[in-house]
Amino acid sequence: MTVAPPSTPPSLFDRLTGRGHEPRPDHPVVVLHDVTMRYPNGKEALKDVDLVVPEGDFVFLVGPSGAGKSTIMKLLIRDELATRGVVIVDGDDLARIGRRAVPRVRRKIGIVFQDFKLLPRKTVWENVAFALEVTGTPRSRIRPAVDRVLALVGLTAQAPQYPAQLSGGEQQRTAIARALVHDPRIIIADEPTGNLDPVISWELIQLLLRINELGVTILMATHDAEVVTALRKRVVALEDGRVIRDETGAGYHRED
Ligand SMILES: Nc1ncnc2c1ncn2[C@@H]1O[C@H](COP(=O)(O)OP(=O)(O)O)[C@@H](O)[C@H]1O
Ligand SMILES: [Mg+2]
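Residues numbered from 1 in each chain as written. Chains lettered and ligands numbered in written order. Predicted model: local features only at pLDDT ≥ 70, side-chain atom pairs only at ≥ 80, totals over all residues. Heavy atoms only, no water.

**Student:** How would you sum up the pairing of strand E1 (residues 28–38)? Please name residues and give values.
**Tutor:** One ladder, built from seven bridges, connects E1 with strand E2 (residues 44–54); its direction is antiparallel. By the bridge assignment, valine 30 is partnered in E2 with valine 53. (Pairing = 2+ DSSP bridges. Helix = DSSP H or I, 4+ residues; strand = E, 2+ residues; numbered from the N terminus.)

Listed below in structure tokens is the structure:
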């Protein structure tokens, strides 16, 4: 019997340049096991949550406002630590890694917010480059990385513009480029279409689907029932801090 050597998955840029990537569906990139999250004020935002996300999955996180969607995302980027239970991101137990390891683990996750959070005094190009500069990436590697992600999201022509000169959809695509530039294993998007009109929302979803096809796992919180129902992806429904439904190909009806 021969045993295959442990393989390092190809980077996003390998995948973009066509060197191929097989997602490893047997490799869970996110594991929440029996997670309870109680905020200092006593509020239990998550209760006994179990969630396993295999690499390459596209997961919609749905549920009414206050259900706990953003709290799950805060746990994944270790903004908060779970009160009880285990949170594992790409093999790292977030309660056990040392403080010095936090930036390394965070770079595995790209984050996209509803309100874009772009720096107004930096251009599109500089906003994306800044994400690499703050982690000390050498100049020579920043330029090609930024150019590639801007091409991927279709913003090459807008690179010298400032956020205020962009449409909402272009601003959100800039935020996606910024989230991708670290070559993350996972993109978490917290209601990324919340400030966009329906047509632009669809374009954004198409972009996320393409990124998912490149092997990046996507976890997206949304209120957009139409999008969720149309795409037939995995839907994890939260209510009052509990997972009340976890199924693939299901629809979603807003109840709030
Ligand atoms: N920092 C915090 N301190 C106390 N309670 C919080 C905090 N953040 C969120 N909550 C509460 O936790 C619950 C879940 O919030 P959240 O995860 O933001 O839900 P969602 O993203 O689904 O709207 C809500 O009741 C919210 O008020
Ligand atoms: Mg939220």
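So that's the structure; there's more coming.
**Student:** Mind laying out the nonpolar core, listing which residues take part and the relevant values?
**Tutor:** With 48 residues, the main nonpolar core has Phe60, Val146, Leu150, Ile176, Val181 and Ile211 as its most contacted residues. Not counting residues within four places of it along the chain, the set of residues in contact with isoleucine 176 comprises Val112, Val153, Leu204, Leu207, Leu208 and Ile211. The next biggest cluster of nonpolar side chains, apart from the first, holds 33 residues, and it includes Ala67, Leu75, Ile77 and Ile186. (Core = buried A, V, L, I, M, F, W, Y, C linked by side-chain atoms within 4.5 Å. Buried < 20%, exposed > 50% of the residue type's maximum accessible area, 1.4 Å probe, protein only. Contact = heavy atoms within 4.5 Å.)

**Student:** Let's hear about the sheet that holds E1: which residues, and what values?
**Tutor:** Strand order in the open sheet formed by four strands is E2-E1-E4-E5, and the pairing between neighbours is antiparallel. Every interior strand has two partners, whereas the edge strands, E2 and strand E5 (92–93), have only one. Strands in contact with helix H2 (residues 69–76) are E1, E2 and strand E4 (84–89); relative to E1, the strand with the most contacts, it is inclined by about 115°. (Axes fitted to C-alpha atoms, helices over the stretch in contact; angles between N-to-C directions.)

**Student:** Report on the site of ligand 1, specifying residues and quantitative values.
**Tutor:** Neighbouring ligand 1 are 13 residues, the closest being Gly66, Gly68, Lys69, Ser70 and Thr71. Contacts to ligand 1 include alanine 67, whose backbone N or O atom sits 3.2 Å from an oxygen atom. At 2.8 Å, a side-chain N or O of lysine 69 approaches an oxygen atom of ligand 1. Starting from 560 Å² of accessible surface for ligand 1 in isolation, the protein chains cover 69%. In terms of residues, the shell around ligand 1 owes the most to one element, H2, which gives four residues. When the residues that make up the shell around ligand 1 are grouped by side-chain class, the tally is four nonpolar, six polar and three charged. (Near = heavy atom within 4 Å. Polar contact = N/O pair within 3.5 Å; in protein donor to acceptor, adjacent residues only side chain to side chain. Areas by Shrake-Rupley, 256 points an atom, 1.4 Å probe, with all protein chains shown as cover. Nonpolar A, V, L, I, M, F, W, Y, C, P; charged D, E, K, R; others polar.)

**Student:** Describe in detail the packing of helix H4 (residues 124–133) against helix H5 (residues 139–152), supporting the description with residues and values.
**Tutor:** Remark: H4 packs on H5, axes separated minimally by 9 Å, with the N-to-C direction vectors making an angle of 130°. As judged from the angle between their axes, H4 and H5 are oblique. Seen from above, H4 lies across H5 with right-handed handedness. Taken together, the residues of H5 that come into contact with H4 (itself represented by Val124, Trp125, Val128, Ala129, Leu132 and Glu133) are Arg139, Ile142, Arg143, Ala145, Val146, Asp147, Val149 and Leu150. Residues of the contact of H4 with H5, tallied by class, amount to 10 nonpolar, no polar and four charged. (Parallel < 35°, antiparallel > 145°, perpendicular 65-115°, else oblique. Left-handed = near helix turned anticlockwise from the far one by under 90°.)

**Student:** Go over the confidence of the model for the protein chain with me, naming the residues and quoting the values.
**Tutor:** Taken residue by residue, the protein chain gives an average pLDDT of 91. The fraction at 70 or more is 90%. Mean pLDDT values for the elements of the protein chain range from 61 in helix H1 (residues 12–16) up to 98 in E2. (pLDDT = per-residue confidence, 0-100.)

**Student:** So what about helix H7 (residues 198–213)? Which residues, and what values?
**Tutor:** With 16 residues, H7 should reach 22 Å at 1.5 Å per residue; the first-to-last C-alpha distance of 23 Å fits that figure. Ser201, Leu204, Ile205, Leu207, Leu208, Leu209, Ile211 and Asn212 are the residues of H7 that are buried. In this fold, the buried residues of H7 make contact with strand E3 (58–62), H5, helix H6 (168–180), strand E8 (217–221) and helix H8 (225–231). Glycine 215 sits one or two positions beyond H7 and adopts a positive phi of about 105°. (Expected span 1.5 Å × (residues − 1).)

**Student:** Tell me about the sheet that holds strand E6 (residues 109–113), and name the residues and values.
**Tutor:** Strand order in the open sheet formed by six strands is E6-E7-E8-E3-E9-E10, with mixed pairing between adjacent strands. In this open sheet, the two strands that pair with only one neighbour each are E6 and strand E10 (242–248). Across the sheet, the mean angle from the axis of one strand to that of its neighbour is 15°, orientation sign disregarded. In this structure, strand E9 (residues 234–239) lies alongside E10, joined through six bridges in antiparallel fashion. For leucine 238, the partnering residue across the bridge sits in E10 and is valine 243. Here H7 sits on the sheet in contact with E3 and E8, set at roughly 150° to E8.

**Student:** Account for the packing of aromatic side chains, with residues named and values stated.
**Tutor:** Counted under the stated rule, the structure contains one aromatic pair. Here the aromatic rings of phenylalanine 58 and phenylalanine 60 are separated by 5.2 Å at their centres, their planes lie at 55°, and the arrangement is tilted. We classify phenylalanine 58 as buried; its relative accessible area is 3%. The ring of phenylalanine 113 is capped by lysine 117, whose NZ or CZ atom sits 5.0 Å from the centre of that ring. (Phe/Tyr/Trp six-rings, centres within 6.5 Å; stacked < 30°, edge-to-face > 60°. Lys NZ or Arg CZ within 6 Å of the ring centre and 35° of its normal.)

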